[in-house]
Structures are given as structure tokens and as C-alpha cells.
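Spelled out from the first residue to the last, the chains are:
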Amino acid sequence: MGKTEKAIEVCLFAGKLMIKYGAETYRVEDTMQRMGEAAGMKNVHTFVTTTGIFFSCQTEQEEDLMQMIRVDQRFQDLNKVTEVNQVSREFVWGDVSLVDAKKRLIEISEAPMNYPIWFIYLASGVAGAAFSYLMGGSVVDMGPAFIGGLITILSLVFLQRYIQGKFFSEFLAAFLGGVTALLLVHIGIGTNIDQVIIGSMIPLVPGIPITNSVRDLMSGDLVAGVSRGAEAAITSLSIAAGVALALSLFLT
Amino acid sequence: MWLEIILCFIATASFAVIFNVPARLVWIGGCIGIASWYSYSFLPILGVIPVFAAASAAFIAAFLSHLLARFLHVPVTTFAIPGVIPLVPGGRAYSTMLAFVEEDYLNGLERGIETILQAGAIAAGMVFALSIFSIRRGVAQRYETNRS
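Analysis parameters
- Residues numbered from 1 in each chain as written.
- Chains lettered and ligands numbered in written order.
- Predicted model: local features only at pLDDT ≥ 70, side-chain atom pairs only at ≥ 80, totals over all residues.
- Heavy atoms only, no water.
- Helix = DSSP H or I, 4+ residues; strand = E, 2+ residues; numbered from the N terminus.
- Pairing = 2+ DSSP bridges.
- Axes fitted to C-alpha atoms, helices over the stretch in contact; angles between N-to-C directions.
- Contact = heavy atoms within 4.5 Å.
- Domains from an automatic or database assignment.
- Buried area = accessible area lost by both parts, 1.4 Å probe.
- Salt bridge = Lys/Arg side-chain N within 4 Å of Asp/Glu carboxyl O.
- Polar contact = N/O pair within 3.5 Å; in protein donor to acceptor, adjacent residues only side chain to side chain.
- Nonpolar A, V, L, I, M, F, W, Y, C, P; charged D, E, K, R; others polar.

*Asks:* Please explain unusual backbone geometry as it appears in this structure.
*Replies:* Most peptide bonds are trans, and most residues other than glycine sit at a negative phi. Although it is not a glycine, B:Asn20 sits at a positive phi angle of roughly 60°. Note that B:Asn20 resides in the loop between helix H1 (2-18) and helix H2 (26-42).

*Asks:* Teacher, can you tell me more about the sheet that holds strand E2 (residues 52-58) of chain A here?
*Replies:* Strand pairs in the sheet, formed through backbone hydrogen bonds, run parallel or antiparallel to each other. Residues and elements named next belong to chain A. Strand order across the open sheet formed by three strands is E1-E2-E3, with antiparallel pairing between neighbours. Of all strands in the sheet, those bounded by a partner on one side alone are strand E1 (42-48) and strand E3 (64-70). Averaged over all adjacent pairs, the angle separating strand axes in this sheet is 10°, with direction ignored. Here E2 pairs with E3 via seven bridges, running antiparallel. Bridging from a neighbouring strand, Gln58 pairs with Asp64 of E3. Contacts from helix H2 (residues 25-38) reach E1 and E2 within the one sheet, and its direction differs from that of E1 by about 160°.

*Asks:* Looking at this model, I keep getting lost on the domain arrangement of chain A. Mind explaining?
*Replies:* Where interface size is quoted, it is often the accessible area lost as the parts come together. All names here are of chain A. Here chain A is described as being made up of domain 1 (3-110) and domain 2 (117-250). Taking only C-alpha atoms into account, the centre of domain 1 sits 33 Å from that of domain 2. Residue-level contacts link 13 residues of domain 1 with eleven residues of domain 2. Summed over both sides, the interface of domain 1 with domain 2 buries roughly 990 Å², with 50% coming from carbon and sulfur. Considering only the surface of domain 1 that becomes buried against domain 2, Thr25, Tyr26 and Thr50 emerge as the three largest contributors, covering 41% of it. A salt bridge links Glu231 to Arg74; the nearest nitrogen and oxygen atoms lie 3.7 Å apart.

*Asks:* Where do I start with the interface of chain B and chain A in this structure?
*Replies:* The interface is formed by 39 residues belonging to chain B together with 48 residues belonging to chain A. With both sides pooled, the region where chain B packs onto chain A buries about 3,900 Å², and carbon together with sulfur makes up 77% of that total. When the buried area of chain B at its contact with chain A is split by residue, B:Ile18, B:Asn20 and B:Tyr94 rank highest and sum to 17% of it. Here chain B is connected to chain A by zero salt bridges. For the pair chain B and chain A, the interface holds seven residue pairs in polar contact (both at pLDDT 80 or more). Of all the elements in the fold, those that place two or more residues in the side of chain B that touches chain A are H1, H2, helix H4 (77-84), helix H5 (90-101) and helix H6 (105-133) of chain B. Looking at side-chain class alone, the side of chain B that touches chain A contains 30 nonpolar, seven polar and two charged residues.

Here is the structure:
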């Protein structure tokens, strides 16, 4: 494999990692372009969507090369995006060679999350409790909102192992969280059902798709922006449907 | 007052943890969350309508995120996502859905439009901050004026 092919491989790998862990489209395109030019390619073109990356360039012998890579899964892990960004920055400045950059990218992709999963569960519960206070201002409802948020994120992580459809597991998690909140208020823990349910649903908010969709649409990446916007909209609708099902089962 | 500030910090910082923001940057996200939440809840006291308050708060959050991201050499998403989260119209979306479940469609539509307007206002605030930071790097304009 020639030098340019190896460089293309590293560029595509960096791009795949960034899009997989929730970077904006323009940042991925910009990173790949800069890395390609730093590796000595000419006429570099990149096209990034939410589910796949295309990359084409010209070698020093004026030979045209084109590759694409498919992105199947998307997670939310901004730490990895920051690290890949750092590697690409150092590569473009010339502080890191191509081989070392590839090694570090493989390390990043194989590393675990920088927080243990129980800490993320805890953070979801705490976020639910704090938001239920911010929305309504009663300290009594923070306890049930904590439990509701915890149940929601636990069931989401559990269900995502067994269900292929992302939106259906979000729907079921919202339903289970809503049922928990309703039961807790019914047996007398907590007073205001609205606040408890809002707090319980907070860990499911699709923050990365919403923010990135706005960003992508504004920087002219229309395909990626629309697809992320659709992802955010369907996630919000499935959360709403899950809560609606819980409410209509228990309130009537 | 102090309880609200502390809880707002905790809420935004735990959101930063949910999105796996690097540990050394979590507290900055929390501070941006306080700024955006306070401008969102303080501006209506001065007589500003809530939609505009949401837009201003989102602008402040995104502006601070862009500034700090440029200063610390990290992707702007690391700060912008937790900073904007306190503005998400969760309460309004919930009351929309509650009204539809109770078959009160008129009220539901009213609340739904409020929700969509607030979401649009947040997007508008973010876009405004973005365009300040991308002056001279414009995309997709309408006329090619750079040709002589």
C-alpha cells in the first residue's frame, strides 16, 4: 500500500471517529481536509453526512483516488471528539508522524469512556433532580425526580442492548420513567406530578443532534443538517409518545 | 437564590458528564449554564417576552462557548451543548403533550406553538453567535460579487 493510501486511511479513520462520537459535520470535513493537505495530497475533497463519509484526492503522481466509509453507530462522547481534534491539530502542525497519529487514533477508539457508567447513571439522576427544581421550585420533588431519571437512563442503556431500533428503546425508556414517576407520586413521595415527570425525562433530551443540526444547516451542510434534525425530532416525539402512553394508562 | 445557582451549576455539569465532556472542562460548562439560565429567568422580569429571553440566553451561552473554545483549543460543542441544555423547553413540551392526551386540542396547539417558537429562538441565538465568530468565512451567498 502506497504512502497516499495510508494517509487516506488515517484521514478516514479520524473522520469516522469524530462523526461517530458526535462532532459537527463542518468540523469533520475541515479536519479531514487539513490532514489530507498536511499529508501531501492535492485536490482534496470531502463529503460528510451523518451516516457516511466520502473522501477523494490526487496523489503526487496525479493519480485520482476515492474512498468512502460507512458510519453505523453514533454515540455521545465528546471527550473522544476533543482527543481526535487534538491529534489532528498536532498532525497538521507536524508534531506527530502519520504512523504515530494512526496509533493514537486506534488507542482513542479502543479506550473506554472517561467516566464509568455508574457515574453517568448518577449524573442523569442528579440532572433530573436539579432540573425539576429549576422548572418548578419545590425541594420535595427532587427525590422522586432523581429516582425517575435514574430509572429512565438505566432502562435506556439496558434496552439498547436488545432492541435494534434506537427510537423504540427511547420510547420504552420514556414510558418506564413516566410510570415510575407516576407510581412514586401516587404512593405519596413527591407532590407535583408535572415536575417529577419533566425531571425524569431530562436524561433523554437529544442535545447533540439538536445543536449539531442547527450548526450544520447554518454552515451549509444541508444533507447532514436535515438528517440530524430528523433524528432529534423523532427522538423528541418518541419521548413524548412514551410519556403520553404512561399518562393515559394511569390518569384515566 | 443561592440554591438555584448551585442547582443550575449541578444540572449543567451533570449534563456535561452525560455527554462525556472531558473532566477538566466540566466546570466551565456549568458556569456557562448558570449564565444562560440567569439571563433566561432574569430578562422576563425586565418586561422582555420569553421567546426573546430564550434567544438572548442562547446567544450568551453560544457566545461564551465560542470564546472559551477558541481560547482553550477544544471543539465548541463541548461547551455549547451543556450550556444550551437549561433552555430546552421541557416544561412547555410536557404541557403540550398533556393537553393532547386530555383531548384539549386547542390548548395543546397553543402550547405546541410556544414550544416550537422557543426552540426556534434558541436556534436563532446560537446562529447569531456563530455568525459573529465566522465573519469573513461566509458560505452559500446569493450573488457572486467577488468577480470583476
